[in-house]
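Chain and residue survey
Chain by chain, the residues run as shown.
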Amino acid sequence: MPPCNEEDMQTDLLLHGLYVRSKKLVSKTEITSQVEWKDVNWAKAEWAVFKLQKRIYRASQRGDVKLVRRLQKMVVKSRYAKLIAVRKVTQENKGKNTAGVDGVKSLDKKQRMSLVNELEIDAKARPARRVWIPKPGRQEKRPLGIPTIRDRAKQALLKLVLEPEWEAKFESESFGFRPGRSCHDAIEAIRIVITAKPKYVLDADIARCFDQINHQKLLAKIDTIPKFRRQIKAWLKAGVFEEGNWKETDRGTPQGGVISPLLANIALHGMQKAIEEVYPAYSNGCIKGARGKFGRDDVSQPKLIRYADGTPVQA
């Protein structure tokens, strides 16, 4: 669908590198395939993608699915978004020098630009390389699935459009693996809930959360563009290589993938809503019909504060 209003026209200009803070037209040279990596204007690229993410977030808040999908399709084709995705996995992430099954640990500047030129959401994926790393302060180990650099870049690109859509939907009590939120925010949320009066606290940790996610239910819950869904399914079903042997993955998301934390948050989204449906409450927070259930009226609705797969519940 062609742009039909001023904001859409600005969006189209952003995606083609023609729109800057001063709102003046500039040359397209800096984002063509001939430009060198060192000459990319990263501040402009990040600002352009952020503006588009902001529009996706607002459209998702309004429930305008049609606009969300149109903007997402535009962004994944944008050269700016591809540049940012490649830079994130080859220069910024902690595991940037970790090889996947192809043995490629790092890319030079020409190889990065070549990857940008070739990067597409194409429903293809290579298996992840599985390694075992020790859990902090414990004897046991956990599996880490390391995708190839190309797959990590595709995951980073898709995350750029899925994350703002879901940030508009996620519950306010969720804090893990979300932009602008930290464990300190989760601690403060717990403090606020337990300050008013004594509470019972259930500290729950979902065992092997990343490894047990149901693929079919996750894909149905994401409910995104078919092209995106096929790509996510390809990553989930690609399997892992461990000690030279390929193993099928019929459930779970590989820890080590760029998009895996977001997928886990999507899978776990809705836990507080489920509590609210079981224990509906008045505006003061007390459970409706509490006297008949608990013998008193001032029983507060349970609150779930989630940080990734850790879920303290206050009641």
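Rules used in this analysis
Residues numbered from 1 in each chain as written. Predicted model: local features only at pLDDT ≥ 70, side-chain atom pairs only at ≥ 80, totals over all residues. Heavy atoms only, no water. Core = buried A, V, L, I, M, F, W, Y, C linked by side-chain atoms within 4.5 Å. Buried < 20%, exposed > 50% of the residue type's maximum accessible area, 1.4 Å probe, protein only. Helix = DSSP H or I, 4+ residues; strand = E, 2+ residues; numbered from the N terminus. Contact = heavy atoms within 4.5 Å.

Now for the nonpolar core. Ranked by internal contacts, the top residues of the largest apolar core, which has 55 residues, are Leu83, Leu157, Leu158, Val161 and Ile232. Those elements that place two or more of their residues in this core are helix 2 (42–62), helix 3 (65–77), helix 4 (79–92), helix 5 (109–118), helix 6 (149–167), helix 8 (215–222), helix 9 (226–237) and helix 10 (260–268). Counting residues per element, this core draws most heavily on helix 6, which supplies 9 residues. Beyond its immediate chain neighbours, meaning those up to four positions away, Leu157 contacts Val75, Val76, Ala81, Lys82, Ala85, Leu119 and Ile121. Of all hydrophobic cores here, the second largest spans 5 residues; its members include Ala186, Ala189, Val193 and Ile305.

Our focus in this paragraph is unusual backbone geometry. Not every positive phi belongs to a glycine, and Asp223 is a case in point at roughly 50°. In this fold, Asp223 is placed in the loop between helix 8 and helix 9. The backbone phi angle of Glu243 is positive, close to 55°, even though this residue is not glycine. Summarising the element assignment, Glu243 is placed in the loop between strand 4 (240–242) and strand 5 (245–247). Classification of Glu243 by relative accessible area gives exposed; the value is 77%.

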